[in-house]
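# Structural description and commentary
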Amino acid sequence: MLYPPSLIRLIEALRCLPGVGPKSAQRMAFHLLEKDREAARSLSDALKVAVDSVGRMQALPHVRGR
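This text gives an overview of the structure that appears in the document. (Residues numbered from 1 in each chain as written. Predicted model: local features only at pLDDT ≥ 70, side-chain atom pairs only at ≥ 80, totals over all residues. Heavy atoms only, no water.)

### Some thoughts on the packing of helix H1 (residues 5–14) against helix H2 (residues 22–34)
The N-to-C vectors of H1 and H2 enclose an angle of 125 degrees; their axes lie 8 Å apart at closest approach. For the element pair H1 / H2, the angle class is oblique. H2 is crossed by H1, and the crossing has right-handed handedness. Side by side, H1 and H2 meet where Leu7, Leu10, Ile11 and Leu14 of the first sit next to Pro22, Ala25, Gln26, Met28, Ala29, Phe30 and Leu33 of the second. (Axes fitted to C-alpha atoms, helices over the stretch in contact; angles between N-to-C directions. Helix = DSSP H or I, 4+ residues; strand = E, 2+ residues; numbered from the N terminus. Parallel < 35°, antiparallel > 145°, perpendicular 65-115°, else oblique. Left-handed = near helix turned anticlockwise from the far one by under 90°. Contact = heavy atoms within 4.5 Å.)

Here's what the structure looks like:
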């Protein structure tokens with residue numbers, strides 16, 4: 001099945017997350033677009049704000065020492 005370029009871009013973007021493979025990324029994309037568009041907008045807004053306002057972190061406090 002051929003997907004629109006925007007959907008392919010979303011799936012590829014989700015795959016950059018740790019532990020997210022192609023099938024999981026596809027499921028997440030479909031869920032956000034079919035079932036919960038408001039959550040998709042909220043996620044998009046929160047990610048944009050965080051990227052624009054939070055500086056690069058060397059390591060998150062709860063991840064250190066693992």
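### With respect to the nonpolar core
Residues Leu7, Ile11, Leu14, Val20, Ala25 and Ala29 constitute the largest nonpolar core, which totals six residues. For this core, the secondary-structure elements that each account for two or more residues are H1 and H2. The biggest single contributor to this core is H1, with three residues. Those residues in contact with Leu7, other than ones at most four positions away along the chain, are Ala29, Phe30 and Leu33. (Core = buried A, V, L, I, M, F, W, Y, C linked by side-chain atoms within 4.5 Å. Buried < 20%, exposed > 50% of the residue type's maximum accessible area, 1.4 Å probe, protein only.)

### Some words on the pattern of salt bridges
Going through the model one piece at a time under the given rule, you end up with two salt bridges. Salt-bridge contacts for Glu12 lead to Arg15; the nearest nitrogen and oxygen are separated by 3.9 Å. Residue Arg15 is classed as partly exposed on the basis of its relative accessible area, which comes to 36%. For the salt bridge of Asp52 with Lys48, the shortest nitrogen-to-oxygen distance reads 2.7 Å. Here Asp52 and its partner Lys48 are both found in helix H3 (residues 37–53), four residues apart, which amounts to about one turn of the helix. Judged by relative accessible area, which is 54%, Lys48 ranks as exposed. (Salt bridge = Lys/Arg side-chain N within 4 Å of Asp/Glu carboxyl O.)

Purely geometric numbers; function is a separate question.
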